[in-house]
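Each chain is listed here by its residues.
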Amino acid sequence: MIESSSMPKAVVIGMPGAGKTRLGRETAALIKAPFRDTDQCIEEEAGRSVSEIFDTQGEQTFRDMETRAVLDLLKDFPGGILSLGGGAPMSTGVFQALQDYRRAGGAVVYLQIDPEEGVSRAARSDHRPLLRGGASERWMALYRERRSVYQELATITLKSRNTTPRALARRLADALTERVVHVSGPDPYDVRIGAGVTGRLHELLGDQTMRVALIHTQPVQRHSDHARALLRQAGYQVVDLTIPDAEAGKTIQVSQGIWERLATEGFTRSDAVVGLGGGAATDQAGFIAATWMRGVRYVNCPTSLLAMVDASTGGKTGINLEQGKNLVGSFYTPAGVLADLRTLRTLPNEIFVEGLGEVAKSGFIMDGGILRELEERAESLRAFDGRESDQWLGTVVQELIERTVEVKARHVSVDLKESGLREFLNYGHTLGHAIEKIEHFTWRHGQAVSVGMVFAAELARITGHLDQEAVDYHRRLLSSLGLRTWWNGGDFDQVLALMHRDKKARGNKLRFIILDGLGKPTHLDDPPVSALKEAFQAIREEG
Ligand SMILES: NC(=O)c1ccc[n+]([C@@H]2O[C@H](COP(=O)([O-])OP(=O)(O)OC[C@H]3O[C@@H](n4cnc5c(N)ncnc54)[C@H](O)[C@@H]3O)[C@@H](O)[C@H]2O)c1
Ligand SMILES: O=C(O)C(=O)C[C@@H](O)[C@H](O)[C@H](O)COP(=O)(O)O
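The shown structure was predicted, so the numbers you read here are calculated from the model rather than taken from an experiment. The residue numbers shown here count from 1 along each chain, following its written sequence. As a convention, the first chain written is A and the first ligand written is 1, with the rest following in written order. Reporting in this predicted model follows two pLDDT cut-offs: at least 70 for local features of residues, and 80 or more for side-chain atom pairs to be given and counted; totals over whole chains, interfaces and linings ignore these cut-offs and use all residues. Excluding hydrogens and water, the side-chain values take into account all heavy atoms of the structure.

Peer 1: Give a description of the site of ligand 2 that names residues and reports values.
Peer 2: Close contacts around ligand 2 come from 14 residues, with Asp310, Arg422, Asn426, His429 and Lys503 the closest. We define a polar contact as two N or O atoms separated by no more than 3.5 Å, with the added condition that, inside protein, one atom must be a possible hydrogen donor and the other a possible acceptor, whereas residues neighbouring each other in sequence contribute only through side-chain atom pairs. Within the side chain of Lys408, an N or O atom sits 2.8 Å from an oxygen atom of ligand 2. Protein contacts shield 93% of the accessible area of ligand 2, which totals 430 Å² for the unbound molecule. When residues are sorted by character, Ala, Val, Leu, Ile, Met, Phe, Trp, Tyr, Cys and Pro go into the nonpolar class, Asp, Glu, Lys and Arg into the charged class, and all the rest, Gly among them, into the polar class. For the shell around ligand 2, the residue count by class is 1 nonpolar, 5 polar and 8 charged. The near set for a molecule or strand comprises every residue that places at least one heavy atom within 4 Å of it. Methods summary: accessible areas were calculated by the Shrake-Rupley approach with a probe of 1.4 Å, and residue burial reflects only the protein chains presented.

Structure below.
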């Protein structure tokens with residue numbers, strides 16, 4: 001029985017001479033994991049080389065020793081990287097154990113080598129007992145016999161052609177540290193969170209797609225250049241569309257410009273849209289995908305923290321009107337989300353901090369663990385600098401993204417079209433969207449939502465749902481992260497009129513999301529105007 005808590009993180013398999021040991025060792029160094037090679041383990045235990053064991057005790061004795069070593073290490077080598085001898089997976093015991101290991105969530109990495117290269121390396125090697133007497137022919141014969149077994153077992157396949165061992169190890173390290181959140185519902189998809197996941201674009205676009213509209217903004221040009229290169233390498237025709245940045249890109253004029261360009265380029269139903277950037281760019285790109293010919297394949301590549309934790313997932317797409325935020329749009333699920341952590345390296349600090357607003361929101365409505373993590377790491381998170389921040393902070397950020405996306409996935413998986421449960425994700429947004437509008441979008445979304453959450457907490461206190469301590473906690477936590485907790489703009493009547501355009505409003509009745517306690521969201525329908533006014537006064541500048 002293989003327990004996931006004590007098994008290795010990855011097992012590398014492949015032909016003799018493919019470079020398994022080097023790949024395993026270098027990957028282990030990159031992710032700071034222990035490394036073992038089964039041949040070396042056997043040699044250490046037997047006190048003689050593999051060749052000597054073959055010569056003196058025969059192949060079967062070696063295979064028995066190998067099977068025991070592999071089975072022991074699969075059960076007890078927590079978080080390690082294990083490299084196997086080329087013939088190990090051919091033993092029935094090892095093959096079955098590797099299948100159990102896969103089922104328990106383990107990664108079996110097949111390192112593929114081109115046969116010409118394999119043969120030439122074999123010809124140069126003199127220490128492999130199975131290649132004695134015609135190394136090239138023997139290698140080819142083993143390759144034919146083993147190839148399908150490696151393929152059957154592999155969860156990750158890496159090709160050593162045209163790349164360096166270092167780059168291969170980097171790719172494997174990226175793949176092993178990737179996290180995946182599954183979003184279920186009528187059109188299920190995965191949110192992949194990890195360094196380098198943009199490299200998976202072709203997996204989501206598939207073979208039927210010929211043209212890809214790559215929609216992005218100028219500040220993420222470097223990342224869109226990378227995505228474009230990957231798309232072209234994979235054989236797609238790329239139409240590059242740079243749209244105005246931030247909320248200026250979420251207008252019907254921008255949509256119209258894109259629709260016309262797609263028409264000129266001859267985009268068909270089997271073509272696709274990739275949205276890459278902050279939440280504003282991906283909201284517009286998703287809207288284009290939803291509306292072009294009534295819907296084409298869409299891949300969402302968020303590059304800001306806020307877009308990774310929130311805007312990318314759940315299928316809300318849309319644009320703003322002069323009259324208010326997100327008033328036009330549709331629910332349209334992507335084929336997948338690729339949250340590439342490398343893009344965060346260029347993210348300015350204030351935009352990272354803004355994203356923490358939506359992370360905190362998920363904590364307030366559902367996951368106390370997120371709140372504790374934010375409290376503990378507030379100082380480092382607030383100082384986040386994508387170019388400078390170390391691996392430790394990167395891991396913390398990846399975990400926060402994963403947890404926050406989990407919260408979002410739990411809501412949207414059961415209520416895509418927001419008929420009840422999903423409304424809880426709107427905590428802080430009724431006032432937040434009004435602030436954005438009144439401030440002519442000079443306030444960042446996450447900052448506005450932060451004030452909106454303090455407003456909602458005050459409203460909950462006034463209507464008897466929350467105590468003062470919980471309201472104070474909102475202010476304390478949010479301000480420790482560098483988020484705003486008060487706002488002096490607008491006036492009450494202006495705010496009230498804008499709140500009536502909120503999508504949760506029904507007829508003349510307003511609806512708010514408030515808390516009955518931390519992690520206990522509830523609806524508050526049609527509260528008295530006096531309560532709203534009092535809560536509004538409470539978020540005016542303190543002191
Ligand atoms: N669809 C949804 O469910 C949903 C959820 C939350 C928010 N949103 C929407 O998302 C928008 C807010 O998203 P946002 O905070 O990402 O704002 P944004 O899209 O305006 O991006 C903020 C700024 O950061 C830049 N940027 C993004 N990634 C970068 C990177 N890696 N390096 C350098 N610069 C980068 C952008 O170009 C922009 O200038 C709002 O329009 C909001 O309504 C939608
Ligand atoms: O996904 C949701 O549902 C949300 O409410 C998430 C919000 O954080 C997000 O800002 C969303 O875009 C708001 O949607 P809206 O329907 O209030 O415009």
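Peer 1: Residues and numbers for the nonpolar core, please.
Peer 2: Counting 79 residues, the largest nonpolar core has Phe364, Leu374, Ile401 and Phe455 as its most contacted members. With 10 residues, helix 18 (residues 445–462) is the single largest residue contributor to this core. For this analysis, residues touch if any pair of their heavy atoms sits within 4.5 Å. Discounting residues that sit within four places of it in the chain, Phe364 has contacts with Leu371, Tyr427, Met453, Tyr473, His474, Leu477, Leu478, Leu515, Leu518, Gly519 and Lys520. For our purposes a nonpolar core is just a set of buried Ala, Val, Leu, Ile, Met, Phe, Trp, Tyr and Cys residues, chained together by side-chain atoms within 4.5 Å. Whether a residue is buried, partly exposed or exposed follows from its accessible area with a 1.4 Å probe, protein chains only, as a fraction of its type maximum: under 20%, in between, or over 50%, in that order. In this structure, Ala18, Phe35, Val109 and Leu172 belong to the second largest nonpolar core, which totals 51 residues. Helix and strand assignments follow DSSP, with helices taken as H or I runs no shorter than four residues and strands as E runs no shorter than two, numbered in order from the N terminus.

Peer 1: Tell me about the pairing of strand 9 (residues 237–243), and name the residues and values.
Peer 2: Inspection of the sheet shows strand 8 (residues 211–217) paired to strand 9 by 7 bridges, in the parallel sense. Bridging across to strand 9, Ala213 finds its partner in Val239. Here a crossover is taken to be right-handed if, once the strands point away from the viewer, the path from the first strand over the helix to the second is traced clockwise. Running through helix 10 (residues 221–233), the crossover from strand 8 to the neighbouring parallel element strand 9 is right-handed. A strand pair is defined by DSSP finding two or more bridges across the two strands.

Peer 1: Tell me about the UniProt feature "binding site: substrate" (unreviewed entry) in the protein, and name the residues and values.
Peer 2: UniProt positions are given in the numbering used here, feature names are shortened, and annotations may be inferred rather than shown by experiment. UniProt records the feature "binding site: substrate" (unreviewed entry) for Asp39, Arg63, Gly86 and Arg146 in the present numbering. Along the polypeptide, Arg63 turns up in helix 4 (residues 59–75). On the basis of relative accessible area, Arg63 is assigned to the buried category, the value being 11%. Inspection of the secondary structure puts Gly86 in the loop between strand 3 (81–83) and helix 5 (92–103). With a relative accessible area of 11%, Gly86 lands in the buried category. Every residue in contact with Gly86, bar those within four places of it in the chain, is listed here: Gly14, Lys20, Arg146 and Tyr150.

Peer 1: Give a description of the sheet that holds strand 2 (residues 35–37) that names residues and reports values.
Peer 2: Read across the sheet, 5 strands follow the order 2-3-1-4-5 without closing on themselves; strand pairing throughout is parallel. Bordering the open sheet on either side are strand 2 and strand 5 (156–159), each of which pairs with just one other strand. In this sheet, adjacent strand axes meet at a mean angle of 20° when their direction is disregarded. Pairing of strand 4 (residues 107–112) with strand 5 involves 4 bridges; the strand directions are parallel. Bridging from a neighbouring strand, Gln112 pairs with Lys159 of strand 5. Note on geometry: axes are lines fitted to C-alpha atoms, helical ones only across the stretch in contact, with angles between N-to-C directions running from 0 to 180 degrees. Most of the contacts of helix 8 (residues 165–177) go to strand 5, to which it runs at about 165°, and overall it touches strand 1 (10–13), strand 3, strand 4 and strand 5.

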